Every structure is written in structure tokens, then in C-alpha cells.
Amino acid sequence: MEDHFTSSLPKSTKRQREDDDNSRCSKRPKVCSDIKAVVTKLEENDDFIADGSRLHTLPTVTGKHADLKSITPQTLADVVIGDYDDVISDYKIIDCRYPYEFEGGHIRGAENMYLHETILTLLQQPTKDKQIIIFHCEFSSERGPKMLRFLRSKDRDLNKENYPSLNFPEIYLLDGGYKSFFNEQPKRCDPVSYRPMLHSDHSEDLRHFRVKSKSWTFGEKRRFARKVMKFRTVIQLVITNSALINL
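Residues numbered from 1 in each chain as written. Predicted model: local features only at pLDDT ≥ 70, side-chain atom pairs only at ≥ 80, totals over all residues. Heavy atoms only, no water.

So the rule is basically this: UniProt positions are given in the numbering used here, feature names are shortened, and annotations may be inferred rather than shown by experiment.
Looking at an unreviewed UniProt entry, the protein carries the name M-phase inducer phosphatase, with the source organism given as Mytilus edulis. The protein has a UniProt comment under Function (unreviewed entry) that states "Tyrosine protein phosphatase which functions as a dosage-dependent inducer of mitotic progression." Its UniProt record gives the protein the following Catalytic activity (unreviewed entry) comment, quoted word for word: "O-phospho-L-tyrosyl-[protein] + H2O = L-tyrosyl-[protein] + phosphate".

What follows is the structure, given as C-alpha cells:
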């Protein structure tokens, strides 16, 4: 029916429609789609990955964070041994614990990223279709979810001109964190050990890395505060100049 209707249009009308479509596409070189339709799709069905292009590859569970997609330790183990190689092209396991925790035992193949600036390096790396990222910390209750949300936020900023495109549209949180994984899959950890954040031998390390991990956030807040002050100064100058002109 659509083809018949289109073919019956005058050539000038069809040409205008094509020109309008091309114009819309040129403004968004990576993705030409109806943003409203994508937003509606994502709101109505959260089984789609964050760019709305397809459904999530891995089975998910209801975790502590309703806004995040969580997977079980068994599902992660299945990813590691290759059970999903036919449907994913690549995966990264991001361990957001502090270095002394990571060194005391981690999931084989995981990368230790506990700083915001380190997470940002992910957005500088080449991307692949159907790649996934799994975040976790000790319990996946605070540090892991926080870094996951941070990456998604910066990814959105980076691709704001091409919404809903993302470098990493499919991201998961390991439910229960390293503790749960170690309890269920100790042979897939290296070394086969679990060092808690609150280990009595690492109280100094804990203080050090807490300060270090918060310094970036503090710096961001200072930069934001400077921007606000600069904006207020400009506004005040405009008001003052306006008052002088009216004198």
C-alpha cells in the first residue's frame, strides 16, 4: 500500500520528500531515526539495549539497582568460557574495587578501574558491534553501579549529536559483585582468593584510595563551581552595563 501511494505521487512531491529525508539524515551522520519513536520504544520495553537497536543479549535478573541491568555470576562465567561467543563480539569486565582488593583476587581477565579518569579511557578505545561491558565491585552496591552510570552519562554526552547512538549501548552489572562470583566460581578467579575492602591489614590503603578516588569528583565540582561563578559574573556585568546606559 505504501509503495503504491508513493509511486502515484508527482515527481516533484517525491523529490521533495527525498530531499527532506536526506536533510534530516545529514544532520545526524551516524544515525538517521525518529528520536521520539526510539524514546517511546525504550520507555515501553526496557529489554532493548540503550540505543534501541536490539534486545539485550544476556539474561538479566532483578538486582538492587532497578535502573541497571544485572546478571548472575553464572551468566558471567558462561560469557568467560565462550558460551556467548556466537552472539557477542567482545566483552570487558571492569572491576571497580581498589587495587589491593584486586590484587588479592579478581575475575580472570578483568580490568581494574576505580578512578573516573580511567573509566573515561574506555571511550577513547575502538568500539565493536555487539560488544558488552560488565561492571562490578565487592558487592556491586556502590562503586560498580556509580562507575557504570558515569560511563553511560559520558557516553551520552559524547554522542549527543547522534542520539541514541552510544559507544557502549549494552552494559551490565554483576549481581552480588566479586564476593558472590568468588563464592560460586572460585576457579575462575586469579589468585583464588578474596580480599575484602575492610581488610584489617589494609586500613591505610583504604584511606589512600578513598581520597584518591574522590579527588577527581572534587575537581569536577570545583570546575563546575568556577563555570557558575563565571556565568554569574557575566550576567552581573550585563546588568551593570545596562544600568549605566540608562543613566
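So much for the structure itself; the text now carries on.
## Details of the overall build of the protein
To keep things clear, this is the line we draw: Going along the chain from the N terminus, every DSSP run of H or I of four or more residues is numbered as a helix, and every run of E of two or more is numbered as a strand. Burial classes: relative accessible area under 20% of the type maximum marks a residue as buried, over 50% as exposed, and values in between as partly exposed (1.4 Å probe, protein chains only). Pairs of residues are marked as contacts when any of their non-hydrogen atoms sit within 4.5 Å. Here, Shrake-Rupley sampling with a 1.4 Å probe gives the accessible areas, and only protein chains in the shown set may cover a residue.
A count of helical and extended segments in the protein gives nine helices and seven strands. Looking at the protein as a whole, 37% of its 247 residues are labelled buried. Taking the contacts inside the protein whose residues are at least 6 apart along the sequence as the reference set, 65% of them involve residues at least 24 apart. For the protein, the computed accessible surface area is about 15100 Å², with 54% contributed by carbon and sulfur atoms.

## Overview of the pairing of strand S2 (residues 90-95)
Threshold: Here a strand pair is declared whenever DSSP counts at least two bridges between the two strands.
As defined by bridge partners, S2 adjoins strand S5 (residues 131-136) across six bridges and the pair is classed as parallel. Across the sheet, the residue bridging to Asp95 is His136, located in S5. Bridging between S2 and strand S4 (residues 111-112) involves two bridges; their strand directions are parallel. From the neighbouring strand, Asp95 faces S4, where its bridge partner is Asn112.

## Structural notes on helix H8 (residues 177-184)
Three or four residues apart is the spacing at which side chains of an α-helix point the same way, because the helix has 3.6 residues per turn. We apply this condition: What the arc covers is the set of directions going from the helix axis to the C-beta atoms.
All of the buried residues in H8 are Gly177, Tyr178, Phe181 and Phe182. Buried residues of H8, seen end-on, are gathered within an arc of 145° and therefore sit on one face of the element. Residues of H8 that are buried make contact with helix H4 (73-80), strand S3 (106-107), S5, strand S6 (171-174) and strand S7 (189-190).

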